[in-house]
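What follows is the residue order along each chain.
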Protein chains: 2
Amino acid sequence: MIIHGYFRSSSAYRLRIALNLKGLKANLASVHLRRGEQMSKEYRAINPQGLVPSLKVDGSTFTQSLAIIEYLDETRPDPPLLPADPSARAKVRAFAQIIACDIHPLQNLRVLSKLRKDFGATQDAVDDWCRQWIGDGLAACEALLEAQPAFDFTFGDRPSLADICLLPQLFSADRFGVDLSPFTRLRGIRRQCDQLSAFTDAHPSRQPDREE
Amino acid sequence: MIIHGYFRSSSAYRLRIALNLKGLKANLASVHLRRGEQMSKEYRAINPQGLVPSLKVDGSTFTQSLAIIEYLDETRPDPPLLPADPSARAKVRAFAQIIACDIHPLQNLRVLSKLRKDFGATQDAVDDWCRQWIGDGLAACEALLEAQPAFDFTFGDRPSLADICLLPQLFSADRFGVDLSPFTRLRGIRRQCDQLSAFTDAHPSRQPDREE
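What you see is a predicted model; the values in this text were computed from it and never measured. (Residues numbered from 1 in each chain as written. Chains lettered and ligands numbered in written order. Predicted model: local features only at pLDDT ≥ 70, side-chain atom pairs only at ≥ 80, totals over all residues. Heavy atoms only, no water.)

**Q** Break down empty space enclosed by the protein for me, with residues and values.
**A** By rolling a water-sized probe across the atoms, one finds the places where empty space is left. Under the definition given, this model contains 2 cavities of 30 Å³ or more. Volume-wise, the largest cavity comes out at about 50 Å³. Classifying every residue of the lining of the largest cavity gives 3 nonpolar, 2 polar and 4 charged. Approximately 30 Å³ is the volume attributed to the second largest cavity. Every residue along the wall of the second largest cavity is listed here: A:N47, A:P48, A:Q49, A:T63, B:I98, B:A140 and B:L144. Residue classes in the lining of the second largest cavity are distributed as 4 nonpolar, 3 polar and no charged. (1 Å grid on protein atoms, 1.4 Å probe; cavity = no way out; pocket = protein on both sides within 12 Å on 5 of 7 lines; lining within 4 Å. Points joined across faces, edges and corners; volume = space filled by probe spheres on them. Nonpolar A, V, L, I, M, F, W, Y, C, P; charged D, E, K, R; others polar.)

Shown next, in the form of C-alpha cells:
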C-alpha cells in the first residue's frame, strides 16, 4: 500500500488517521506541494487532478480522501468508520462533507495562490479569507452537535469519518488563527481524539516529510 | 418528503435528479438564495449551514447533497446509484467528489460575493475565477474517463452518483462560458442523460421557482 501525500495536506492527514484506526500500514511517497510536485507529469499520471492524497492498494489507485476512506471501510470493515444505521451514516457523512466540501477546498494552496496572483491579496487578506470559511463551517458543525446529546466523539463513543475530517480541520484552524473558543463541543472532541495514537501519530508534525 | 432547494443551485439540482431516478416525489420549499432566505433564522434552524438542499424524510432532516443521495440509495436501493463492487464505488464517489468538493464550492454564491466585496472583483474577474476551477476540474474528470473504456454513462450503462453530479456542473459551466469542446467524453455522457426525463425534468429551467 502506497500513500501519495504531504505532511501538511489536510486531506492526506485524514487518510493517515483512517489508516491508523484500521491498523493499516502504507508506505509514504511524499509529493512536495509547495515545490509543485503535484503538477508533474509523473504525478498527474497517478492522479489527473494533481491533488493529494492518492492511495495505491489492491491493484488500483484511488483518489479523493473521502472516497478512499469509504473504500477502506467497505473492504476492511473492522473497526467501522461509519455507523450501521442509514440515518446515522447520513449525519456522519454530512458533517464530513461540510468540512471536505465547504471549508477545506476554499483554503487549498491553489486557491490561495490565485487570490494572491489575480487580486493581489495580501497575507492578511488571505488569512482573513481562510478564517471566514473555517469559522462559518465550524460554527455549522458545532450547531449540528448541539442539536444532539454529547458523545465522546462527534457521533458516538468511537471515532468515525466525522472525527477523521474534524481533527485536520482544527489543526488548520489553528494555523490561520481562528478563534475556537466558541466551539465547546468541537474542542471536547479534539481532547478525546488527542488521547488516541491513531490521531496523534497522523499529525503533520510527526510525518517523515515534515518541515518547519 | 420536502426538499428545501432553489432552482439554480447545483447541489439541489443533483438531489432532484436522484429523486427522479428513484421515482420519489418531494414537495418543494423554495429558499430564495439571491434574496438571502438561506440565512434566515427559520432556515438555519433546518440547516445550520444556511445552504441548500435539505431534505425532510423519514422523520429527519438531512443536509449535504451527497450524503442525502447516499441515504436515499441505502434506504430505497432500487435503482442503485452506486455500483455494488467497492472499487467501482470508490471511482464513482471520487468523480462525484471532484465536482462536489473541488469545483462547485469555489463558484458558490457566498464565495463570489466575498470576491466582489473583499477584493473588488469585477464580473469579468469573477467569471474568470469560475472558469478556471470548472475547467481544471472537468479536465480531471475527462482524464479519469479516458483511462477506462467508454460507457453510455460515466461508469457504466446506467446513471450513477457521478452522472448526477456531472450534469449540474456542465449546466453551470455553460453559464460561466467554459469551453466544453475538449471534453468529448463528458459531452457524450450529457447527450445520454439528456435522453432521460429524470435528468431533463430536474433542469433549473423546469422548476416552479425558476426565474429568468
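**Q** Hey, could you go over the pattern of salt bridges for me, with residue numbers and the actual values?
**A** Following the criterion strictly, the structure yields 24 salt bridges over all chains and no others. Of the charged contacts in the structure, one is a salt bridge between A:R35 and A:E37, with a shortest N-O distance of 3.8 Å. B:D118 is the partner of B:K117 in a salt bridge, and the nearest nitrogen-oxygen pair spans 3.8 Å. When its relative accessible area of 70% is taken as the criterion, B:K117 is described as exposed. What you see here is one network of salt bridges that share partners, running through A:E70, A:E74, A:R89, A:R93, B:E70, B:E74, B:R89 and B:R93. (Salt bridge = Lys/Arg side-chain N within 4 Å of Asp/Glu carboxyl O. Buried < 20%, exposed > 50% of the residue type's maximum accessible area, 1.4 Å probe, protein only.)

**Q** Account for the pairing of strand β1 (residues 2–5) of chain A, naming residues and giving values.
**A** Residues and elements named next belong to chain A. Sheet analysis places β1 next to strand β2 (residues 27–30), joined by 4 bridges and oriented parallel. Pairing of I2 across the sheet is with N27, part of β2. Following the chain from β1 across helix α1 (residues 10–22) to the adjacent parallel β2, one finds a crossover that is right-handed. (Pairing = 2+ DSSP bridges. Helix = DSSP H or I, 4+ residues; strand = E, 2+ residues; numbered from the N terminus. Right-handed = clockwise from strand over helix to strand, strands pointing away.)

**Q** Describe the packing of aromatic side chains, with residues and values.
**A** Each aromatic ring pair is described using two quantities: the centre-to-centre distance and the angle formed by the ring planes. Taken as a whole, this structure holds 14 aromatic pairs over all chains when the rule is applied. Taking 4.2 Å as the distance between ring centres and 25 degrees as the angle between the ring planes, the aromatic pair formed by A:F62 and A:Y71 counts as stacked. We classify A:F62 as buried; its relative accessible area is 3%. Between A:F119 and B:F119, the ring centres sit 5.9 Å apart and the planes meet at 20 degrees, which makes this aromatic pair stacked. Of this pair, A:F119 sits in helix α5 (residues 109–119) while B:F119 sits in helix α5 (residues 109–119), each in a different chain. (Phe/Tyr/Trp six-rings, centres within 6.5 Å; stacked < 30°, edge-to-face > 60°.)

**Q** Got a sec to walk through the sheet that holds β2(A)? Specific residues and values, please.
**A** Residue and element names in this part refer to chain A. Strand order across the open sheet formed by 4 strands is β2-β1-β3-β4, with mixed pairing between neighbours. Both edges of this open sheet fall to β2 and β4 (60–63), since each of them pairs with a single strand only. This sheet shows a mean twist of 20 degrees between the axes of neighbouring strands, independent of strand direction. Pairing of strand β3 (residues 54–57) with β4, which is carried by 4 bridges, proceeds in the antiparallel orientation. Bridge assignment links K56 to a residue of β4, and that residue is T61. Against the sheet, α1 makes contact with β1 and β3, and its axis sits at roughly 155 degrees relative to β1, the strand it touches most. (Axes fitted to C-alpha atoms, helices over the stretch in contact; angles between N-to-C directions. Contact = heavy atoms within 4.5 Å.)

**Q** Could you give me a rundown of the side chain of A:N47, with the residues and numbers involved?
**A** All names here are of chain A. If you trace the backbone, N47 turns up in the loop between α2 (41–46) and β3. Note on N47: relative accessible area 3%, which makes it buried. Side-chain polar atoms of N47 contact the backbone nitrogen of Q49, separated by 2.8 Å. Once residues lying within four places of it in the same chain are set aside, the contact partners of N47 are P53, S54 and T63. (Polar contact = N/O pair within 3.5 Å; in protein donor to acceptor, adjacent residues only side chain to side chain.)

**Q** So what about the UniProt feature "domain: GST N-terminal" (unreviewed entry) in chain A? Which residues, and what values?
**A** The UniProt record annotates "domain: GST N-terminal" (unreviewed entry) at residues 1–80 of chain A. Between the first and last C-alpha atoms of residues 1–80 of chain A the distance is 20 Å; the span itself is 38% helix and 20% strand. (UniProt positions renumbered as here; feature names shortened; annotations may be inferred.)

**Q** Now, about the interface of chain A and chain B: what can you tell me, with residues and values included?
**A** Taken together, the contact pairs 43 residues of chain A with 43 residues of chain B. Approximately 4000 Å² of surface area, both sides summed, lies buried where chain A meets chain B, with 64% of it carried by carbon and sulfur atoms. Of all residues in chain A, A:R110, A:K114 and A:F119 bury the most surface against chain B, accounting for 15% of the area lost on that side. In this assembly, chain A and chain B are joined by 8 salt bridges. Between A:E74 and B:R93 there is a salt bridge whose closest N-O contact spans 3.1 Å. At the surface where chain A touches chain B, the tally comes to 19 residue pairs in polar contact (both at pLDDT 80 or more). Ranked by the residues each element gives to the side of chain A that touches chain B, the list is headed by helix α4 (residues 86–102) of chain A, at 12 residues. Across the side of chain A that touches chain B, the residue classes break down as 24 nonpolar, 9 polar and 10 charged. (Buried area = accessible area lost by both parts, 1.4 Å probe.)

**Q** Just give me the short version of the side chain of B:T63, but keep the residues and values in it.
**A** Note that B:T63 resides in strand β4 (residues 60–63). Not counting the four nearest positions on each side in its chain, B:T63 is found in contact with A:A94, B:N47, B:P53, B:S54 and B:I68.

**Q** Requested: an account of the packing of helix α4 (residues 86–102) of chain B against helix α7 (residues 161–175) of chain B, with residues and values cited.
**A** Residue and element names in this part refer to chain B. At their nearest, the axes of α4 and α7 sit 8 Å apart, and the two run at 20 degrees to each other. Between α4 and α7, the angle falls in the class roughly parallel. Crossing handedness for the pair α4 and α7: left-handed. Across from V92, F95, A96 and I99 in α4, the residues of α7 making contact are L161, A162, C165, L166 and Q169. By residue class, the composition of the contact of α4 with α7 is 8 nonpolar, 1 polar and no charged. (Parallel < 35°, antiparallel > 145°, perpendicular 65-115°, else oblique. Left-handed = near helix turned anticlockwise from the far one by under 90°.)

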